[in-house]
Amino acid sequence: MTNYIVAMEAAWLVRDVEAIDDAIGVAVSEAGKRLNSQDMDYVEVEVGATGCPACGEPFDSAFIAADTALVGLALEMEVFNADGEEHASRIAKSEVGGALRDVPLSVVEVIEVPDED
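The name an unreviewed UniProt entry gives the protein is UPF0212 protein GCU68_13655, with Natronorubrum aibiense as the organism.

Listed below in structure tokens is the structure:
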């Protein structure tokens, strides 16, 4: 059994917002509240990054149209004693998906944590 860090992305909708920074703040705050209410404070939440199609430089994953924002959130958690990467992915999606119902969620990366023995 091995430990893994599982990185996921979520698409968070924020209504009645005019500025990108406000949308990001609301999305991170709401996701954090929902996770913390389920005693999942071990899940790290931050705004995701999207590469610019022209120059490739990363920028915050947020877009506003008609006072409604779509914010890409990056979520990360450690999964202990998983049978493999696929098992760790399923565990992470199940845990986080249960707390963030109706939020699109996908696994971006799974990293094996080396043993400290």
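Past the structure itself, the notes keep going.
Peer 1: Even after reading the chapter, I still don't get a negative patch on the surface, so can you show me in this structure?
Peer 2: A cluster of acidic side chains, namely Asp16, Glu18, Asp21, Asp22, Asp60 and Asp67, defines a negative patch on the protein surface. On the secondary structure map, Glu18 appears in the loop between β1 (2-15) and α1 (20-37).

Peer 1: Whenever I open this one, the pairing of β1 confuses me. Can you help?
Peer 2: Within a regular strand, side chains alternate between the sheet's two faces. In terms of strand pairing, β1 meets strand β6 (residues 68-82) through 13 bridges, oriented antiparallel. When the bridges of β6 are listed, Ala11 appears paired with Gly72. With eight bridges joining them, β1 and strand β7 (residues 105-113) adopt antiparallel strand pairing. From the neighbouring strand, Ala10 faces β7, where its bridge partner is Leu105.

Conventions and cut-offs
Residues numbered from 1 in each chain as written. Predicted model: local features only at pLDDT ≥ 70, side-chain atom pairs only at ≥ 80, totals over all residues. Heavy atoms only, no water. Patch = residues over 30% accessible without salt bridge, like charges linked within 9 Å, V, L, I, M, F, W, Y side chains within 5 Å. Areas by Shrake-Rupley, 256 points an atom, 1.4 Å probe, with all protein chains shown as cover. Salt bridge = Lys/Arg side-chain N within 4 Å of Asp/Glu carboxyl O. Lys, Arg positive; Asp, Glu negative; His and termini not counted. Charge placed at Lys NZ, Arg CZ, Asp CG, Glu CD. Helix = DSSP H or I, 4+ residues; strand = E, 2+ residues; numbered from the N terminus. Pairing = 2+ DSSP bridges.

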